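# Observations on the three-dimensional arrangement
Residue strings, one per chain:
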Amino acid sequence: MGDDELIHRPEHRGRHFRVAGPLNVPRPPQGHPLLVQAGSSEDGKQLAARYAEAVFTAQQTLGEAQEFYRDLKRRTAEAGRDPDTIKILPGIVPAIGATEAEAHALEAELDRLIRPEYARQQLATTLRVAPEDLHLDRELPADLPAEDEIEGAKSRYTLIVTLARRERLTVRQLIGRLGGGRGHRTFAGTPEQVADAIETWYRSGAADGFNIMPPVLPSGLEAFVDHVVPILQRRGLFRTEYTGSTLREHYGLPRPANRFARPAVAAVR
């Protein structure tokens, strides 16, 4: 038998819908689903600091990742939350080979599969410019819109423009860099080199974990699981077996307390 007094009615009245409730299902094992926020704009970071339990972000360099990590942890503390209860997970796109030469050959093969004209159209949409303004063998135009003129995906816009300006990439080169990772960090190397990069970012305060985005599926994921994960396990950086059954437990996050449960009463003897 359940306790009817613990049933609460949401009584939500919003702009788009109203609902009295209550939902006829029990509280889930995680308390509530893990709250994940994606993006690195100012609004996105403020939202994440208040509510997110994991953040999916795109960072190109170690320094940028460290700055984002420090900033978001600080904002989380200022919002009255424990910074350890938000996990920052940059996306990485590893092209893995048994040797460096093999990894770079795979990367080059994937680059050759990119259709420049289609990719230019996609890039133009992101940058809010006409495709004919993007010349494949020239750098980006100097008169691109400012970030505050962009509606949606502001942080991805800034990341792409910063990458292109910093490395003086032509549009064709930029398309190649974005083709597999869509703005996330891409690199080619051996399993040891991939593990080294992951360990460096983790130990340098740039990430709590990573969102692995293989450039090819399923072979890219299989290569990571079969060859990189065992290295991380030997270094004590990745579990060798599961200790829980939910995503929240895998992330090492606590189950949120039930706001509607009665406080426990100590037994009196």
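About the cut-offs
- Residues numbered from 1 in each chain as written.
- Predicted model: local features only at pLDDT ≥ 70, side-chain atom pairs only at ≥ 80, totals over all residues.
- Heavy atoms only, no water.
- Patch = residues over 30% accessible without salt bridge, like charges linked within 9 Å, V, L, I, M, F, W, Y side chains within 5 Å.
- Areas by Shrake-Rupley, 256 points an atom, 1.4 Å probe, with all protein chains shown as cover.
- Salt bridge = Lys/Arg side-chain N within 4 Å of Asp/Glu carboxyl O.
- Helix = DSSP H or I, 4+ residues; strand = E, 2+ residues; numbered from the N terminus.
- Buried < 20%, exposed > 50% of the residue type's maximum accessible area, 1.4 Å probe, protein only.
- Axes fitted to C-alpha atoms, helices over the stretch in contact; angles between N-to-C directions.
- Parallel < 35°, antiparallel > 145°, perpendicular 65-115°, else oblique.
- Left-handed = near helix turned anticlockwise from the far one by under 90°.
- Contact = heavy atoms within 4.5 Å.
- Nonpolar A, V, L, I, M, F, W, Y, C, P; charged D, E, K, R; others polar.
- Pairing = 2+ DSSP bridges.

In this section: a nonpolar patch on the surface. On the surface, Leu35, Leu47 and Tyr51 cluster together into a nonpolar patch covering about 280 Å² of accessible area. Turning to its location among the elements, Leu35 is positioned in the loop between strand S2 (18-19) and strand S3 (36-38). The exposure class assigned to Leu35 is partly exposed, which follows from its relative accessible area of 39%.

Our focus in this paragraph is the packing of helix H7 (residues 191-203) against helix H8 (residues 219-234). The N-to-C vectors of H7 and H8 enclose an angle of 55°; their axes lie 9 Å apart at closest approach. Classified by the interaxial angle, the pair formed by H7 and H8 is oblique. Like other packed secondary-structure pairs, H7 and H8 cross with a definite hand, here right-handed. Residues Pro191, Glu192, Val194, Ala195 and Ile198 of H7 form the contact with H8, whose participating residues are Phe224, His227, Val228, Ile231, Leu232 and Arg234. Of the residues in the contact of H7 with H8, the class split is 8 nonpolar, 1 polar and 2 charged.

Contact geometry for helix H4 (residues 116-127) and helix H5 (residues 154-166): axes closest at 10 Å, N-to-C directions at 115°. Between H4 and H5, the residues in contact are Leu123, Thr126 and Leu127 and Tyr157, Ile160 and Val161, respectively. Here the contact of H4 with H5 is built from residues that sort into 5 nonpolar, 1 polar and no charged.

Before going further, it helps to examine the pattern of salt bridges. If you walk through the whole model with that rule in mind, you get 17 salt bridges. The shortest N-O distance in the salt bridge between Arg235 and Glu192 comes to 2.9 Å. One end of the pair, Arg235, is in the loop between H8 and helix H9 (247-250); the other, Glu192, is in helix H7, with 43 residues separating them in the sequence. In this structure Glu192 comes out as partly exposed when scored by relative accessible area, which is 40%. Across the pair Asp196 and Arg235 runs a salt bridge whose closest N-O atoms are separated by 2.8 Å.

To continue, consider unusual backbone geometry. Following Leu217, the chain continues into Pro218 via a peptide bond in cis, with omega recorded as 5°. As for its placement among the helices and strands, Pro218 is situated in the loop between strand S7 (211-212) and H8. Residues other than glycine seldom take positive phi values, yet Glu11 does so here, at roughly 50°. Judged by relative accessible area, which is 42%, Glu11 ranks as partly exposed. Here Arg168, not a glycine, exhibits a phi torsion of approximately 50°, which is positive. Inspection of the secondary structure assignment puts Arg168 in the loop between H5 and helix H6 (171-181).

This part covers the pairing of strand S5 (residues 87-96). Taking burial as the measure, the 10 residues of S5 include 10 buried ones, the bulk of the element. Residue alternation in S5 divides its side chains into two sets, Lys87, Leu89, Gly91, Val93 and Ala95 and Ile88, Pro90, Ile92, Pro94 and Ile96, and both sets are buried. Sheet analysis places strand S4 (residues 54-57) next to S5, joined by 4 bridges and oriented parallel. What sits directly across from Thr57, in S5, is Pro90. Bridge count for S5 against S7 is 2 bridges, and the pairing is parallel. Counterpart to Gly91 in the pairing with S7 is Asn211. Both S5 and strand S6 (residues 185-189) contribute to a ladder of 5 bridges, which runs parallel. When the bridges of S6 are listed, Ala95 appears paired with Ala188.

Any link to function would need more than the numbers given here.
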